[in-house]
Every structure is written in C-alpha cells, then in structure tokens.
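# Residue-level structural notes
Residue strings, one per chain:
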Amino acid sequence: MSEQALEVRLRASALLVMVGIIVEIASLTWRHPTAFIVFVGVGGLFMAAGMTSFLWSIVSRGGK
Amino acid sequence: MTLLIILLVVSIVLLAPIVVRPSLTTDRAGRIFAFCAIIVLPLMAGFAGLSEHVERTKTVEFCTSCHVMQKYGKSLHIDDLEHLAGQHWQYNRVPQETACFSCHTNYTLYGDYKAKLRGLRHVYVQYLGTIPSKISLYSPYNNRECLHCHGSSRSFVEAVPHKDEMKAIRANGRSCLDKGCHGTVHDVAQVDSLSLWPKEEK
C-alpha cells in the first residue's frame, strides 16, 4: 500500500470513529429506547467500521 | 455522566490530529498514539456509554417513554394504599426513579441482561410489530421478587394472614398477588377515574 493510500485510510478510520463518538454523545441527550438503538446501531457501527479500517491498514502496511 | 462526557470529548480531541495529519503515524510513537486514539480510548468510551444506557433503561422515565406504558406509570400515582405499585412508589419502598425495574426483573445472576434482551424485543414490537391489546406478564409473577425485600421483615413474618401459608408463600406455591391478598397492582382499567397523588398528576 502506498503512503498516500495509507494516509487516506488512516484519516477515514479516524473520521469514522469520530462520527461514532459524536453519535454516541447525541444519543445521551434523550432517554428513550431509540437512544439505545441509535447508540448501538449507528454509533457502534461507525466506531466498529473505523476500528476495523485502522487495524486493516496496520496489517496491510506490512510492518513498515 | 460527567466523566463519560469528558472521556468522549478527550477521544474526539485525540482523533483530530490523526484526521488533520495522518503522516504522524510514520514513526513508532505516532503509531502507538494512533492505536490509543482509534482503538483504546473509543473502546473505553463505548463501554462507558453502553453502561450509562443500560442504567437509563432501568428508570421509570425510560419505561413510560413508550405510549403503551403510560397508564402503568400513571398507576404509580393512584392515591389508594390497596394499589401495590402506587403504595410502593409513593412511600419510597422501592427507589422512585427505578421503580419499574425494582419489581419487573429477576434477581438472579443474569436477570439484568435477560430483562434488557426482552426489552429489545419490546422495542421491535413497539415500532415494527403489533402491540397486543392486553399486556400481561410472560410468566406468573414470582414471589421471589417480593420476598427479596419483604422476606425477612417483621411485618411480613408476623402478619397473621401469612402464618398458615408461610411455607407455600416462600415456595411460590401461593402467589402474593392472589385475589384476596395483594391482588390490586396497576389497575390500568380504572386509573383514569381514580384519585391521584400528588394531586397535580393528571
């Protein structure tokens, strides 16, 4: 993987996790079952996607 | 809650340098920083947030946020000592903020999460399914939920009506909620016509 592609992936990973955390903060502003669903279903998915993308980029980098 | 917000904000702040300058991960220190910012801190924040949400699901406000449960919440205000739910809530015999969860969960080791999984099914029915016209318990109310608090109390042990039935009550053979005993619990059919406490709750 080229350095530029790696940087794009790292940026995307961080952004995905950031969006997930912002969704989590938003879900804490109301008390309703939908808040829990949004936290897990939307925020959790974004965070998982970001973390998975980051870990994949580490593995793809080949230990450089 | 404050610590959770701080953790979430710190997570976002630490992610910002990676978004702005991903090249900082070229050296070892940068990679360790990225790992902490993208994996470690968000995981901690995620678990803390999950814990906060699970605690919120125990509150009366949460339970009664669904329209179908609002009459049950109103029944906590019925001004009549014969009504079990109202009596417990008004006299703080259960924590007022988590009154529903105090009685409607199992006190076994895995009770909390079993109850929450059941709650997820309720959300599905609320929005995607058909709400039944009559809501009833999945299984008869277990005396264990009453005896958890009342079992060793003097008023329970020395109550005259309990003496002949004590063995059956403790073995869940005779329900605490039988007609003639403590059979009036929520009474949602009558709640709109009954007097409430505090008076302004209508």
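For the structure, check the block above.
Below: a short report on this structure. (Residues numbered from 1 in each chain as written. Chains lettered and ligands numbered in written order. Predicted model: local features only at pLDDT ≥ 70, side-chain atom pairs only at ≥ 80, totals over all residues. Heavy atoms only, no water.)

Here we come to the overall build of chain A. Looking only at helices and strands, chain A has two helices and zero strands in total. A compact globule built from 64 residues would reach a C-alpha radius of gyration of about 11 Å, whereas chain A, at 14 Å, exceeds it by more than 25%. Each of the three principal axes of chain A carries a C-alpha extent, and together these read 45 × 15 × 10 Å. Here chain A displays about 3,200 Å² of accessible surface, and carbon together with sulfur accounts for 73% of that area. (Helix = DSSP H or I, 4+ residues; strand = E, 2+ residues; numbered from the N terminus. Rg over C-alpha atoms; globule rule 2.2 N^0.38 Å. Areas by Shrake-Rupley, 256 points an atom, 1.4 Å probe, with all protein chains shown as cover.)

To continue, consider the overall build of chain B. Along its length, chain B carries eleven helices and zero strands. Projected onto the principal axes, the alpha-carbon positions of chain B cover approximately 80 × 40 × 30 Å. Burial statistics for chain B: of 202 residues in total, 36% are counted as buried. Sequence separation of 24 or more characterises 56% of the internal contacts of chain B that already satisfy a separation of 6 or more. (Buried < 20%, exposed > 50% of the residue type's maximum accessible area, 1.4 Å probe, protein only. Contact = heavy atoms within 4.5 Å.)

Another aspect to go through is the interface of chain B and chain A. When the parts of a complex come together, some accessible area is lost, and that lost area is often used as the size of the interface. Residue-level contacts link 37 residues of chain B with 32 residues of chain A. The interface formed by chain B and chain A contains one salt bridge. Between E61(B) and R31(A) there is a salt bridge; the shortest N-O distance is 3.8 Å. Counting the contacts that link chain B with chain A gives five residue pairs in polar contact (both at pLDDT 80 or more). At the level of elements, α1 (2–20), α2 (28–56), α3 (60–63) and α7 (111–128) of chain B are the ones that each hand at least two residues to the side of chain B that touches chain A. Per-element accounting of the side of chain B that touches chain A gives the leading share, 14 residues, to α2(B). Classifying every residue of the side of chain B that touches chain A by side-chain character gives 24 nonpolar, nine polar and four charged. (Salt bridge = Lys/Arg side-chain N within 4 Å of Asp/Glu carboxyl O. Polar contact = N/O pair within 3.5 Å; in protein donor to acceptor, adjacent residues only side chain to side chain. Nonpolar A, V, L, I, M, F, W, Y, C, P; charged D, E, K, R; others polar.)

A few words now on α2(B). Over its 29 residues, α2(B) extends 41 Å from the first C-alpha to the last, a length consistent with the 42 Å expected when each residue adds 1.5 Å. Of all the bends in α2(B), the greatest measures close to 35° and is centred on C36(B). (Expected span 1.5 Å × (residues − 1). Bend = angle between axes of the 7 residues up to and from the residue.)

Together, L55(A), I58(A), F35(B), V40(B) and M44(B) line one region of the surface with nonpolar side chains, adding up to about 400 Å² of accessible area. Counting only elements with at least two residues in the nonpolar patch, the list comes to α2 (33–60) of chain A together with α2 of chain B. At three residues, α2(B) tops the list of elements feeding residues into the nonpolar patch. You can see F35(B) is positioned in helix α2. Classification of F35(B) as partly exposed rests on a relative accessible area of 36%. (Patch = residues over 30% accessible without salt bridge, like charges linked within 9 Å, V, L, I, M, F, W, Y side chains within 5 Å.)

The next subject is the pattern of salt bridges. All names here are of chain B. The final tally for this structure, using the stated rule, is nine salt bridges over all chains. Among the salt bridges present, the one from K74 reaches D192, with a minimum N-O distance of 2.8 Å. Here K74, found in helix α4 (residues 70–74), pairs with D192, found in the segment after α11 (166–170); they are 118 residues apart in sequence, far enough to count as distant. You can call K74 partly exposed: its relative accessible area is 21%. Assessed through its relative accessible area of 47%, D192 is described here as partly exposed. Members of the salt-bridge network, linked through shared partners, are K71, K74 and D192.

Residue and element names in this part refer to chain B. Relative to the helices and strands, T64 resides in the loop between α3 and α4. As for T64 and L3, which are separated by 61 residues in sequence, their C-alpha atoms are 27 Å apart. Once you skip the residues sitting within four places of it in the chain, T64 turns out to touch M69, Q70 and G73. In terms of polar contacts, T64 uses its side chain to reach the backbone carbonyl oxygen of V60, at 2.8 Å.

Another aspect to go through is the state of the cysteines. Residue and element names in this part refer to chain B. Counted according to the given criterion, the structure contains zero disulfides over all chains. The closest cysteine sulfur to the non-disulfide-bonded C100 is located on C63, 4.0 Å from its own sulfur. For the unlinked cysteine C103, the closest cysteine sulfur is that of C146, found at 7.3 Å. Given a relative accessible area of 25%, C103 falls into the partly exposed group. (Disulfide = S-S within 2.5 Å.)

Now for the packing of α1(B) against α2(B). Residues and elements named next belong to chain B. Two elements in contact, α1 and α2, have axes whose closest approach is 9 Å; the angle formed by their N-to-C orientations is 155°. Looking at the two axes, α1 sits roughly antiparallel to α2. Crossing of α1 against α2: the hand is left-handed. The residues of α2 that touch α1, namely those facing L4, L7, L8, V10, S11, L14, L15, P17 and I18, are F33, A34, A37, I38, L41, P42, M44, A45, A48, G49 and E52. (Axes fitted to C-alpha atoms, helices over the stretch in contact; angles between N-to-C directions. Parallel < 35°, antiparallel > 145°, perpendicular 65-115°, else oblique. Left-handed = near helix turned anticlockwise from the far one by under 90°.)

These figures come from the coordinates and say nothing about function on their own.
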